[in-house]
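Residues per chain are reported as follows:
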Amino acid sequence: MHTMRLSAEDPAAPAIAAELIRKGELVAIPTETVYGLGADGLNEAAVAKIFQVKGRPQDNPLILHVTGAEQIALFCHDVPQAAYRLAERFWPGPLTMVLPARDLVPRRTTAGLSTVAVRCPDCAATREIIRLAGVPIAAPSANLSGKPSTTTAAHVLHDHDGRIAAVVDGGPCRVGVESTIVDLTEQPPRLLRPGGVTPEQLKAVLGELAVDRAVVAPIDQDAVVKAPGMKYRHYAPQCQVLIVSGTRSQAASYIHAHFAPGDRVLCFAEELPLYENCAPLAYGREDDAATLSAGLFAALRQLDDPSVNRVFARCPQGGGVAYAVENRLKKAAAFQIIDPEADT
Ligand code: TXA
Ligand code: MG
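Residues numbered from 1 in each chain as written. Chains lettered and ligands numbered in written order. Predicted model: local features only at pLDDT ≥ 70, side-chain atom pairs only at ≥ 80, totals over all residues. Heavy atoms only, no water.

Engineer: Could you clarify how one ought to interpret the environment of Asp 304 in this entry?
Structural biologist: Here Asp 304 is to be found in the loop between helix 11 (289-302) and strand 15 (310-313). Put simply, Asp 304 and Ala 269 are 35 residues apart on the chain and 20 Å apart in space, counted from C-alpha to C-alpha. Ignoring anything within four residues of it in the chain, the contact list for Asp 304 reads Lys 147, Pro 237 and Gln 238. There is a polar contact of 3.2 Å between the side chain of Asp 304 and the side chain of Lys 147. (Helix = DSSP H or I, 4+ residues; strand = E, 2+ residues; numbered from the N terminus. Contact = heavy atoms within 4.5 Å. Polar contact = N/O pair within 3.5 Å; in protein donor to acceptor, adjacent residues only side chain to side chain.)

Engineer: Any chance you could explain the site of ligand 1 here in plain terms?
Structural biologist: Around ligand 1, the structure places 27 residues, and the nearest of them are Thr 33, Arg 56, Asn 60, His 65 and Ser 179. Arg 119 has a polar side-chain atom sitting 2.9 Å from an oxygen atom of ligand 1. Take Ser 141: an N or O atom from its side chain is 2.9 Å from an oxygen atom of ligand 1. In isolation ligand 1 offers 680 Å² of accessible surface; the protein chains occlude 97% of this area. Mapped onto the shell around ligand 1, the elements with two or more residues apiece are strand 4 (63-65), strand 6 (115-119) and strand 10 (190-193). The biggest single contributor to the shell around ligand 1 is strand 6, with 4 residues. Among the residues making up the shell around ligand 1, the classes are represented as 14 nonpolar, 8 polar and 5 charged. (Near = heavy atom within 4 Å. Areas by Shrake-Rupley, 256 points an atom, 1.4 Å probe, with all protein chains shown as cover. Nonpolar A, V, L, I, M, F, W, Y, C, P; charged D, E, K, R; others polar.)

Engineer: Whenever I open this one, helix 2 (residues 44-54) confuses me. Can you help?
Structural biologist: Side chains that are three or four residues apart share a direction in an α-helix, a result of its 3.6 residues per turn. Those residues of helix 2 that sit buried are Ala 46, Val 47, Ile 50, Phe 51, Val 53 and Lys 54. Buried residues in helix 2 make contact with strand 3 (36-40), helix 5 (107-110), strand 7 (137-138) and helix 7 (153-160). Measuring from the side-chain oxygen of the N-cap residue of helix 2 to the backbone nitrogen of Ala 45 gives 2.9 Å; that N-cap residue is Asn 43. The first or second residue beyond helix 2 is Gly 55, which carries a positive phi of 70 degrees. (Buried < 20%, exposed > 50% of the residue type's maximum accessible area, 1.4 Å probe, protein only.)

Engineer: Help me understand the nonpolar core, please; the structure alone is not making it clear to me.
Structural biologist: Buried together is how nonpolar side chains tend to be arranged in soluble globular proteins. Core analysis: the biggest nonpolar cluster contains 48 residues, and Leu 86, Trp 91, Leu 95, Met 97, Val 182 and Leu 202 have the highest contact counts within it. If you list the elements that add at least two residues to this core, you get strand 3, helix 2, helix 3 (72-75), helix 4 (81-90), strand 5 (95-100), strand 6, helix 7 and helix 8 (199-206). Setting aside its immediate chain neighbours within four residues, Val 182 contacts Leu 86, Leu 95, Thr 96, Met 97, Val 98, Pro 189, Arg 190, Leu 202, Leu 206 and Leu 209. Core analysis: the next-biggest nonpolar cluster, separate from the first, contains 27 residues, Leu 266, Ala 299, Ala 332 and Ala 333 among them. (Core = buried A, V, L, I, M, F, W, Y, C linked by side-chain atoms within 4.5 Å.)

Engineer: Would you take a moment to explain the sheet that holds strand 12 (residues 240-244) for this structure?
Structural biologist: Backbone hydrogen bonds hold the strands of a sheet together, and the pairing may be parallel or antiparallel. Here we have 5 strands laid out as an open sheet, ordered 14-13-15-12-16, and parallel in their pairing. Since the sheet does not close on itself, it has two edges, and those belong to strand 14 (280-282) and strand 16 (337-338), each with one partner. Pairing analysis gives 2 bridges linking strand 12 to strand 16, with the strands arranged parallel. Following the sheet pairing, Val 244 is matched in strand 16 by Ile 338. Set on the sheet, helix 12 (residues 322-332) makes contact with strand 12, strand 13 (264-267), strand 15 and strand 16; between it and strand 12 the angle comes to about 135 degrees. (Pairing = 2+ DSSP bridges. Axes fitted to C-alpha atoms, helices over the stretch in contact; angles between N-to-C directions.)

Right, here's the structure in full:
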């Protein structure tokens, strides 16, 4: 199959992409978070192709991308007022809401759950594709299952060239990590995945917010978890990733003592001078967490190379979007965290 390259700036692109979606084809779509691997979310056969091409486990449900709050009630029932308050405040934007699913949403899309995740992406071309297609677009992150997410069209083509009908190039994704997921079928609402909309921002609208344990701790493969996607080792290059905590100088001492040929260091830009002989790669600035989220997946992809043996990684701490970066990096590291103080 030839994969068509479309530009989000080409006024003809949304209609071409929408036509492909209507025909049941796969189209990779840009969003402000990461690129999605899109298909008609109401078409079981099209949705099945997503799972097949991505190599995604069948028990991992998909997000339905919609044009805005006016579409929530088309696909969800018993929608609480809180959903509309959140949509009003954060849509279009990096927030996904889990709500009870209407029967027209195929069980293949929801992986058999009675709930469905909905989100309105902050990308005009993609909303136009959804509008013209006349159906919600089901889209997981466009990476091959388990790999770091795709934040450029080149990443998408690396994973799927020749296997999907088209990719719409909207440039590098602004946020760079996937949307925040909040489950509104529970009281209090529960954070299932941190992202560009921060827990602090959610609390300001919702009052109370529970945090799912999958966000902060490793999950047993057999465990029943609220967001099935959170239990897999994820976002990971093929080699081992080890997070080295501690202060800048503690981490640098540890890494210098253990560094071997073939290892790499994934660090903050401020730390580059500390690792001159350790093949360092900076993914953003520690003092500006938005640069870390925007750069994380491109850096993890660069490290996904057979020549790389191990990655020593520096992980941000704190609230805001740093919390989402911390979550993704810990999952990429399968929660292997070295405390240099304890390890002397
Ligand atoms: O930013 C994003 O959300 C991107 C872009 C493309 O929109 N999409 C994305 O999709 O990250 P994906 O499939 O990589 O991650 C979706 C997560 C998975 O962890 C999945 O288990 C969870 O959402 N999820 C989907 N439907 C759910 C539901 N009904 N209940 C709980 N979790 C759900
Ligand atoms: Mg994903």
